[in-house]
Every structure is written in C-alpha cells, then in structure tokens.
Protein chains: 2
Amino acid sequence: MYIEIDFNSDEAIYSQLCDQIIMGIAAARLNDGDPLPSVRQLANDIGINMHTVNKAYTVLRQQGYVKVDRRRGAVISVDPDKAIALEELGESLRVDIARAFCRNISREDVHKLVDRIFDDYASDHSKE
Amino acid sequence: MYIEIDFNSDEAIYSQLCDQIIMGIAAARLNDGDPLPSVRQLANDIGINMHTVNKAYTVLRQQGYVKVDRRRGAVISVDPDKAIALEELGESLRVDIARAFCRNISREDVHKLVDRIFDDYASDHSKE
DNA sequence: TTGCTGTTATATATAAGATATAACAAATAC
DNA sequence: GTATTTGTTATATCTTATATATAACAGCAA
C-alpha cells in the first residue's frame, strides 16, 4: 500500500485516504478480493490515528468500494452502480468545467485530459 | 442573481456561493464588468450572514474571478490563467474519473457528459 | 450630511476533523 | 484452553472550520 498524505492540504486526511484507495482500484493496484491493511496497521504505517483510517474504511464501505469480512478484515469489493455514479460525476463536472470554461480551456483540452487519465488507468489495468 | 443554497448540504455555504457564481460566469449570466450585489444585500436576499457572503467574495477575488472597486463594490473580472486552471482541472478529474472507472463508466460516457455540459454553457453564451 | 461600498475586529456557538485511551465480540493461531 | 488480531463502539479532548452577531472604519456618491 503506497499512500501519500499531504498534511498541509485543506482536504481531510480520511478523504485523501479514500481518494487514494479509489485511484488504486482504478489503476488495478487493488483488485476485487484484495484485503486492505488493518486500521491499526495502516494508521501506524502512515503515522495517523486508527480512527482516521476507520472513518475512511467506513466511508468506502458506504460508497460501495469495500466490504468487511470478520475473518479477513476490509476487502476490496466494488459494486458497479453506474446510474448513481454517472449522476455524481455530472455534478462534479458541472463545477469543474465552469471553472475551466472561464479560463478559456476548450472542449478539446478537456477531452485530451480525460483521454490521458483514462489511458493511465487502462494501461495500469493491462499489466495485471 | 438567482442563487440556490442547499442548507442541508455538507458543502459550506460560502463554497456553494462561489460555485454558483462561477457557473453563472460560465453560463454568461454574469459578464466581465457586471457588479455583484453588495455583501449585505446578497446576504439579506439569501437569508445568511454578511460575513459568509464576504468570505465567498474574498475567495473569488483570490482565485481571480472578481475584483473590488471601492465605488462600485465587487465586479466580475476573470483573469484567464489557463495553465494553472488546467492543472487544477487535472487533479480534480483524476479522482472523479477513478470513481467513474470503478463503476464501468466508459471513456465515451465521460466525453458525452463533457460535451453536454460544454453545450449548455456555450448555448447560454450565444444568447447574449 | 446621509447612505452606501468593502473591510476589519471581536466575540460566540456549532460542527467537523483528528487524536487518545479503552473496551468489546468474533475469528485466528498457538 | 490462551493469546492475538480483526472491525467496531464508546468517551473524552483538542484544534480548526463554519456561521452568526454586533460594531466600527475609510472611501466614495448623491
């Protein structure tokens, strides 16, 4: 588990943790069935409190990225809820693209950026 | 000024205010040189505190969407900093697309969504 | 003068984020 | 059996962010 936390960021630690794990799944560094480190282990590795990791795991479970097995602990388990995900993506993009639009970033600029990010995730995927 | 605040949202009021004004600029409902309502006026219209509006205006000024004229108050003034905006957009997209990727949302799905949002902003623009 | 700008200062209340310590039931390893 | 590890829950504490309230200030305009 390579986790990078920016302690000077205005984004909450547990939120950064969620983002990194989700990006790890997209990049196929984490696959369905893979166990996550225990809350105590990961907290110790990163140098943060156990409850901060626990909050991240709880959020990931509520959002459908993780399930908890009493025996094995937290395990990656993505449930593909495309409809809701599309709606949430739209909400987020509406604001991001507004900011981009104000700065004369073109539709093609955004498409290229999307393609580049998709290629990154897809290429990581093909290595498995 | 049509501002919609969701008081049940987990997003801060001043942050929602910033987003709405930026989306207003993208949609050309607000144009360069247009004055924003005074902090007291807008606070009164929405039913929130003056300082909450003031914080939003301050953030918008720091991010380069607004300038302050002692005589006229806050005025829309977008400075097109494309390089920084592209970087910020990339950071945001990397997380959003990871979430989408996990939910089997395709590259084409994202492109369509981007186009739809761009069309919305551009069509609003052409009405002016 | 009167009234309007944004701005600043101070104070207060609530909520969120992070930490610390402790305990619990369930499962595993010995 | 014991010991250890799992997620989970409960308390408590501290800091920061958010939002409100009241008040005052300098600059500008009618």
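Residues numbered from 1 in each chain as written. Chains lettered and ligands numbered in written order. Predicted model: local features only at pLDDT ≥ 70, side-chain atom pairs only at ≥ 80, totals over all residues. Heavy atoms only, no water.

Considerations on the side chain of A:S77
- Along the polypeptide, A:S77 turns up in the loop between strand 2 (73-76) and helix 4 (82-102).
- Dropping the residues within four chain positions of it, A:S77 is found in contact with A:D32, A:G64, A:Y65, A:V66 and A:K67. (Helix = DSSP H or I, 4+ residues; strand = E, 2+ residues; numbered from the N terminus. Contact = heavy atoms within 4.5 Å.)

Re the domain arrangement of chain A
- When cut into domains, chain A gives domain 1 (13-76) and domain 2 (82-126).
- Look at where the C-alpha atoms of domain 1 of chain A and domain 2 of chain A centre, and you get two points 25 Å apart. (Domains from an automatic or database assignment.)

With respect to the interface of chain A and chain B
- Each side of the interface is counted separately: chain A has 45 residues, and chain B has 45 residues.
- Summing both partners gives a buried area of about 4,800 Å² for chain A against chain B, and 68% of it is carried by carbon and sulfur.
- Across the chain A-chain B interface, the total number found is 8 salt bridges.
- Where B:D109 meets A:K82, a salt bridge forms, and the shortest distance between an N and an O atom there is 3.3 Å.
- Of all the elements in the fold, those that place two or more residues in the side of chain A that touches chain B are helix 1 (13-26), helix 4 and helix 5 (107-126) of chain A.
- Ranked by residues supplied to the side of chain A that touches chain B, first place goes to helix 4 of chain A with 16 residues.
- Of the residues in the side of chain A that touches chain B, the class split is 25 nonpolar, 8 polar and 12 charged. (Buried area = accessible area lost by both parts, 1.4 Å probe. Salt bridge = Lys/Arg side-chain N within 4 Å of Asp/Glu carboxyl O. Nonpolar A, V, L, I, M, F, W, Y, C, P; charged D, E, K, R; others polar.)

Details of the packing of aromatic side chains
- For the structure shown, the criterion picks out 4 aromatic pairs over all chains.
- Ring geometry for A:F101 against B:F118: centres 5.7 Å apart, planes inclined by 50°, an arrangement best described as tilted. Of this pair, A:F101 sits in helix 4 while B:F118 is found in helix 5 (residues 107-126), placing the two residues in two different chains. As far as the burial class goes, A:F101 and B:F118 line up, both buried.
- With centroids separated by 5.8 Å and ring planes inclined at 50°, the aromatic side chains of A:Y121 and B:F101 adopt a geometry described as tilted. Here B:F101 lies in helix 4 (residues 82-102) and A:Y121 lies in helix 5, a pairing that spans two chains. The two residues A:Y121 and B:F101 agree in class, both being buried.
- Here the aromatic cluster, defined as three or more aromatic residues joined through ring pairs, consists of A:F101, B:F118 and B:Y121.
- Over the ring of A:Y14 we find A:K55; its NZ or CZ atom is 4.5 Å from the centre of that ring.
- The aromatic ring of A:Y65 is capped on one face by B:R103, whose charged end is 4.2 Å from the ring centroid. (Phe/Tyr/Trp six-rings, centres within 6.5 Å; stacked < 30°, edge-to-face > 60°. Buried < 20%, exposed > 50% of the residue type's maximum accessible area, 1.4 Å probe, protein only. Lys NZ or Arg CZ within 6 Å of the ring centre and 35° of its normal.)

Considerations on a negative patch on the surface
- Together, A:D79, A:D81, A:E87, A:E88 and A:E91 line one region of the surface with negative charge.
- Turning to its location among the elements, A:E88 is positioned in helix 4. (Patch = residues over 30% accessible without salt bridge, like charges linked within 9 Å, V, L, I, M, F, W, Y side chains within 5 Å. Areas by Shrake-Rupley, 256 points an atom, 1.4 Å probe, with all protein chains shown as cover. Lys, Arg positive; Asp, Glu negative; His and termini not counted. Charge placed at Lys NZ, Arg CZ, Asp CG, Glu CD.)

Points about the environment of B:D79
- The residue B:D79 is located in the loop between strand 2 (73-76) and helix 4 in this model.
- Taking relative accessible area as the criterion, B:D79 reaches 38% and is therefore assigned partly exposed.
- Placed 29 residues apart in sequence, B:D79 and B:M50 show a C-alpha to C-alpha distance of 26 Å.
- Beyond its immediate sequence surroundings of up to four residues, B:D79 is in contact with A:R103 and B:G64.

Describing the packing of helix 1 (residues 13-26) of chain B against helix 3 (residues 50-62) of chain B
Residue and element names in this part refer to chain B.
- In the contact formed by helix 1 and helix 3, the axes pass within 8 Å of each other and the chain directions differ by 50°. The angle between helix 1 and helix 3 falls in the class oblique. When you trace helix 1 past helix 3, the crossing you get is right-handed. Mapping the contact onto sequence places I13, Y14, L17, C18, I21 and I22 in helix 1 and T52, V53, K55, A56, Y57, V59 and L60 in helix 3.
- When the residues that make up the contact of helix 1 with helix 3 are grouped by side-chain class, the tally is 11 nonpolar, 1 polar and 1 charged. (Axes fitted to C-alpha atoms, helices over the stretch in contact; angles between N-to-C directions. Parallel < 35°, antiparallel > 145°, perpendicular 65-115°, else oblique. Left-handed = near helix turned anticlockwise from the far one by under 90°.)

Details of the side chain of B:D19
- Looking at the element boundaries, B:D19 is found in helix 1.
- Note on B:D19: relative accessible area 11%, which makes it buried.
- Among the polar contacts listed, one links the side chain of B:D19 to the side chain of A:R99, at a separation of 3.4 Å. (Polar contact = N/O pair within 3.5 Å; in protein donor to acceptor, adjacent residues only side chain to side chain.)

Details of helix 4 of chain A
All names here are of chain A.
- Between its terminal C-alpha atoms helix 4 stretches 30 Å, which fits the 30 Å expected from 21 residues at 1.5 Å a residue.
- Within helix 4, the full set of buried residues consists of A85, L89, G90, L93, V95, D96, I97, A98, A100, F101 and C102.
- Immediately beyond the C-terminal end of helix 4, within one or two residues, lies N104, with a positive phi of roughly 65°. (Expected span 1.5 Å × (residues − 1).)

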